[in-house]
Amino acid sequence: MRIGLIGTGRIGTLHARTLTALPDVSRLVVTDADTTRAADVAATLGVDHVPSPDELFGLGLDAVVVTSATASHAELVRTAAALGLPVFCEKPVATDLPGTAEALRAVEAAGTLLQVGFMRRFDAGYAAAREAVRSGRLGRLHTVRACTSDPAPPPAGYLPHSGGLYRDCLVHDFDVLRWVTGGEVVSVYAAGSDAGPAMFREAGDVGTAAALLTLDDGTLATATATRLNGAGYDVRMELAGERDQVAVGLGPRTPLTSVEPAATGAPKDPWPGFVDRFLPAYEAELGAFLRAVRGEIPNPCDGREALTAFRIAEACALSRRGGRPVALGEVPAR
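A quick note: this is a predicted structure, and the numbers were derived from the prediction, not measured. (Residues numbered from 1 in each chain as written. Predicted model: local features only at pLDDT ≥ 70, side-chain atom pairs only at ≥ 80, totals over all residues. Heavy atoms only, no water.)

Participant: Just checking my understanding: could you explain helix H2 (residues 35–45) for this structure?
Facilitator: Quick reminder: α-helices carry 3.6 residues per turn. Residues three or four places apart thus point the same way. Listed in full, the buried residues belonging to H2 are Ala 38, Val 41 and Ala 42. Looking straight down H2, one finds that the buried residues subtend no more than 100 degrees of arc, so they occupy a single side. Away from the buried face of H2 by more than 90 degrees, exposed residues Thr 36, Ala 43 and Thr 44 are located. Packed against the buried residues of H2 are helix H1 (10–21), strand S2 (27–31) and strand S3 (48–49). At the exit of H2 stands Gly 46, carrying a positive phi of roughly 70 degrees. (Buried < 20%, exposed > 50% of the residue type's maximum accessible area, 1.4 Å probe, protein only. Helix = DSSP H or I, 4+ residues; strand = E, 2+ residues; numbered from the N terminus. Arc of directions from axis to C-beta. Contact = heavy atoms within 4.5 Å.)

In C-alpha cells form, the structure reads like this:
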C-alpha cells in the first residue's frame, strides 16, 4: 500500500515511523511546509519526500495521513476526498464546526473513508473499561470521573491557534467518554481558570478547566484538564457502577503520590508526556486505518464521531463564557 503523510512534526514523525514498520506499507512519501524538516525525516526513515501536498496528491497513492498544522486539515481532507483517497486525520478535522461539517460533507459525497485520530479508543485500559461497562460487570453506571493533565504548557504561540483547552485537550475525554459508556452527552456545565502564566489570559484561553456532563441515561461525568501538572502527564478515567468500579490509567507510572501512612511514596518513573503514555495506541490506530482501507473492519472513528466530540467541546466553551448549563442541542450539528 502506498501512503502519503502530510506534516512531519512530532506526531507526524511518530506516525511516519509507525508506517514504515507496517508490512502492508510498500511506499511512504512525506511532505511538510518545512521542506528541510521533511527531508530530514525522510532521510532518517529511508522514505521518499516531496516539496508540497499538491505533488504528493499527484503520485497515485492509496491513502493519506494528515498530521499537518490544524488550520490545514479541512482543506487537505476535502482534496483527498475529491481524489477518492481514504484519509487518516489527526484531530481536529477543522478549527470550527462549520469547517468540520463542510469537510465531512465532502467525504460523504465522495464516498471515501475518513478516520480521525482519537487514539484513546486503541488504548488497552480504555478498551478494558468499555468491556467492563458493556458486559454489565459494573451494573448501572452512575458516575464517571476523567482527567487530562499536561505536565507543562505548550509554547505561548500555540495557544491562540489551539482552539482552547476544551477543544484541544478535553475533546479526547469527551470522545472516549462516549466510546466507553455508549451514552450520549445531553448537557454540560463548565468552568475554567486562567490563573497562572499570563499567556492563557492573553490568548483568551484557560490553563485549568472542569466540566460536569450529564448523559442520556442519567449518568453523571466530570472531566477536568490542566496545562500545569508538574508531577507529570496524568490521564485517567474512573467508572463507578452499582456493582463495581474500575480505573483507567492507574498504575506505577501514574504521577500521583498517596499520603496515606502505608503508601510507598512517589512514582519512580511518572509518565512525562502523551507520546510515552499512548505509544501503543498511536501504533494500533494506524494499523486499524490500513485494515479499514482494505475493508477488513468498519471505520473505528469516523468524522461524525469527531463532530460529536467537537460539539461537546463547543458546548463547554459556551457554558464557560455564559456561566450557565448548555444543552448539546444548542450547538448545531452541521
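And the narrative resumes.
Participant: What exactly am I supposed to notice about the sheet that holds S3 here?
Facilitator: The strands making up a sheet associate through backbone hydrogen bonding, with each pair oriented either parallel or antiparallel. What the 6 strands build is an open sheet, ordered S3-S2-S1-S4-S5-S6; its pairing is parallel. A single partner strand is all that each edge strand has here, and the edge strands are S3 and strand S6 (114–116). Across 5 bridges, the pairing between strand S1 (residues 2–6) and S2 is parallel. The partner of Ile 3 across the bridge, within S2, is Leu 28. (Pairing = 2+ DSSP bridges.)

Participant: Hey, could you run me through a nonpolar patch on the surface in this one?
Facilitator: A cluster of nonpolar side chains, Tyr 189, Leu 212 and Leu 220, forms an exposed patch at the surface whose accessible area comes to about 270 Å². Within the secondary structure, Tyr 189 is located in strand S8 (residues 185–193). (Patch = residues over 30% accessible without salt bridge, like charges linked within 9 Å, V, L, I, M, F, W, Y side chains within 5 Å. Areas by Shrake-Rupley, 256 points an atom, 1.4 Å probe, with all protein chains shown as cover. Salt bridge = Lys/Arg side-chain N within 4 Å of Asp/Glu carboxyl O.)

Participant: Before we go on, may I ask you to explain the side chain of Asp 173 in this structure?
Facilitator: Assignment of secondary structure puts Asp 173 in helix H7 (residues 165–181). One polar contact links Asp 173 to Arg 120, side chain to side chain, over a distance of 3.0 Å. (Polar contact = N/O pair within 3.5 Å; in protein donor to acceptor, adjacent residues only side chain to side chain.)

Participant: Would you explain the side chain of Asn 229 in this entry?
Facilitator: Among the structural elements, Asn 229 can be located in the loop between strand S10 (220–226) and strand S11 (234–241). From its side chain, Asn 229 meets the backbone oxygen of Gly 232 in a polar contact 2.9 Å long. With near-sequence residues (within four places) excluded, Asn 229 lies in contact with Ser 149, Asp 150, Pro 151 and Asp 234.

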